[in-house]
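Each chain, written out:
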Amino acid sequence: MWRSFLLASILFSLQAGAQVCTSQGLRTVELAERALAQSRTTEARSLLQRAYEECQISPIILKKIADVYDALGDSWQAKQYRAQAARIEAPPITFGQADPARDSDNSSIEDSSFVREKWALVVGISHYQNPGMNLHFAAKDATDFTSMLTAPNIGRFRNDPQHVKLLIDDKATVLGIRTAINEIARDARKEDLVVIYFSSHGTSAASDVATEEGKSGYIVTYETDPQNLYGTAFQMDELKRVVDTRLKAGRVVAFMDTCYSGGFKGSPGGKALQLAISNDSFARIGQGKGRVVIASSRDTEQSWESETYQNSYFTHYLIQAMAKSNGLLTVTQLFTELQRSVPRAVLAEKKASQNPVMSPEGKKINIVLGASVE
């Protein structure tokens, strides 16, 4: 009874807050429309960001912002804001309760059944065999994410190397990654949850010497030779096959904090590496019921590390969202938090755009990383 009352109170508070901020948000959106009408597009975008900050809990404001982005010709941004509005308008799902929105078109990925066991592969590489490729905080990203997963009041994963496999620096070879995946595939069953996390460089399909049909992006491993990607890096298409055919677990969540620098040289003051996993490769990994991938940025943007946080922005805010919710946010809610926090922080501190992306898009994904094992 008290849970129902608490949920009702929270919903009432959110609705009241939305009513208070909507009028201010509408005024700011109107200013953005006027700026656009006068071809002041930079000012219009700034005003849209301000409107979002003023009232990000109002689906009315989010849809208005999306309309202006459409007028700006930025359909991708418009789609993201409409998707966020749809998530806010969707009826809440309580733990252990079936999702009434689930139907034959799989508009919701259902995960209200019990989780028998949880497994994770966490990979982070700061120091490479080729020191010219070194990053600052990728290994720390991986160790910090592992600590969050194994925290008994947050991630609730078993704290042992069988259930959570951490590979950093020289342990993160192609052989090491494949061996760890094979061990998880051997142990994980249909009722289980598998989490895969990479913090490293990535390469674009354009870097592959294969024919157009056979080109693939790569995850850069400890021993990767940029002149021999096929022989020394982990192929993105192989990760797709692992998720689809090797892992029997009904729930697989992949976090890709992987970036590419066009020669593996980061810009001064941060990671500043362009995500080069193509949109097509990214979407293919996320296809299939219970499979989802969240990447740190769009393939046209850079992905940044933060000297302040001593982590990448993406991993910092992922860990923060998990911690403040005691691990009980759904994957969709986690992604919404990343969408809110990462672009704002990177814009403020690096004067750049970085927008996390998720595949599949537009679906409610009810997987909870911190779910207790039954």
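Residues numbered from 1 in each chain as written. Predicted model: local features only at pLDDT ≥ 70, side-chain atom pairs only at ≥ 80, totals over all residues. Heavy atoms only, no water.

1. Thoughts on the overall build of the protein chain
Which entries qualify depends on this criterion: Strands are runs of DSSP state E lasting at least 2 residues, helices are runs of H or I lasting at least 4, and numbering of each runs from the N terminus. Working definition: with a 1.4 Å probe on protein chains only, accessible area under 20% of the residue-type maximum means buried, over 50% means exposed, and in between means partly exposed. Every residue pair with non-hydrogen atoms within 4.5 Å of one another is taken to be in contact. With residues, only the protein chains shown are counted as cover, and all accessible areas are computed by Shrake-Rupley using a 1.4 Å probe.
A tally of regular secondary structure across the protein chain gives 11 helices and 14 strands. Expressed as a percentage of its 374 residues, the buried residues of the protein chain come to 54%. Across the protein chain, contacts joining residues at least 24 apart in sequence account for 71% of those joining residues at least 6 apart. For the protein chain, the exposed area adds up to about 16,800 Å²; of that, 53% sits on carbon and sulfur atoms.

2. Considerations on the packing of aromatic side chains
Stated formally: Here a pair means two rings of Phe, Tyr or Trp (six-membered ring of Trp) with centres within 6.5 Å. Their orientation is stacked below 30 degrees between planes, edge-to-face above 60, and tilted elsewhere.
Overall, the coordinates contain 7 aromatic pairs when judged by the stated rule. Ring geometry for Tyr52 and Tyr81: centres 5.6 Å apart, planes at 75°, overall edge-to-face. Residue Tyr52 is located in helix H2 (residues 41-54), and its partner Tyr81 is located in helix H4 (residues 75-89); the two are separated by 29 residues in the primary sequence. On the numbers, 5.8 Å between centres and 80° between planes, the contact of Tyr309 with Tyr317 is edge-to-face. A relative accessible area of 25% places Tyr309 in the partly exposed class. Following the ring pairs from residue to residue traces out a cluster consisting of Tyr52, Tyr69 and Tyr81.

3. Description of the pairing of strand S9 (residues 291-295)
Just so we agree on the cut-off: Pairing between strands is defined by DSSP: at least two bridges between the two strands are required.
Here S9 lies mainly inside the structure; 5 of its 5 residues are buried. Neither face of S9 is exposed, since Arg291, Val293 and Ala295 on one face and Val292 and Ile294 on the opposite face are all buried. Examined bridge by bridge, S9 and strand S13 (residues 357-359) share 3 bridges and lie antiparallel to one another. Looking at the pairing, Ala295 lines up with Val357 of S13.

4. Overview of the environment of Asn366
With respect to the helices, strands and loops of the structure, Asn366 is situated in the segment after strand S14 (364-365). The buried category is assigned to Asn366, whose relative accessible area is 11%. When the C-alpha positions of Asn366 and Thr332 are compared, they lie 6.8 Å apart, and in sequence the two are 34 residues distant.

5. With respect to the nonpolar core
Rule in force here: Remark: nonpolar core denotes a set of buried residues (Ala, Val, Leu, Ile, Met, Phe, Trp, Tyr, Cys) joined through side-chain atoms within 4.5 Å.
Counting 41 residues, the largest nonpolar core has Phe145, Phe255, Val331 and Leu369 as its most contacted members. Among the elements of the structure, strand S2 (118-124), helix H5 (138-150), strand S4 (193-203), strand S7 (251-259), S9, helix H10 (313-324) and helix H11 (331-350) are those that each provide at least two residues to this core.

6. Quick notes on unusual backbone geometry
Positive phi outside glycine occurs at Asp169, with the angle close to 50°. With respect to the helices and strands, Asp169 occurs in the loop between strand S3 (164-168) and helix H6 (174-187). In the Ramachandran plot, Lys351 falls in the positive-phi region, its phi being about 55° despite a non-glycine side chain. With respect to the helices and strands, the residue Lys351 is situated in the loop between H11 and S13.

7. Some words on the confidence of the model for the protein chain
Going by this rule: Per-residue confidence from the prediction method is given by pLDDT, with values spanning 0 to 100.
Residues of the protein chain with pLDDT of at least 70 account for 74%, and the chain-wide mean is 78. Element-level pLDDT for the protein chain is lowest in strand S8 (residues 273-274), with a mean of 33, against a maximum mean of 98 in S3. Note that pLDDT drops below 50 for residues 1-20; the model gives that stretch 7 contacts with residues more than four away or on any other chain. Scored below 50 in pLDDT, residues 91-111 shows 44 contacts in the model against residues more than four places distant or in partner chains.

8. Here's the deal with the environment of Glu183
Relative to the helices and strands, Glu183 is located in helix H6. By relative accessible area, which is 25% here, Glu183 ends up partly exposed. With 18 residues separating them in the primary sequence, Glu183 and Lys165 have C-alpha atoms 9.6 Å apart.

9. Let's talk about the pairing of S2
Here is the rule: With its strands directed away from the observer, a crossover is right-handed exactly when the path from the first strand over the helix to the second travels clockwise.
Most of S2 is tucked away: 7 of the 7 residues are buried. Of the two faces of S2, the one holding Lys118, Ala120, Val122 and Gly124 and the one holding Trp119, Leu121 and Val123 are both buried throughout. Alignment of S2 against S4, held across 7 bridges, turns out to be parallel. Bridge assignment links Trp119 to a residue of S4, and that residue is Val194. Sheet analysis places S2 next to S3, joined by 5 bridges and oriented parallel. Within S3, the residue paired with Val122 across the bridge is Leu166. Taken together, S2, H5 and S3 form a β-α-β motif whose crossover is right-handed.

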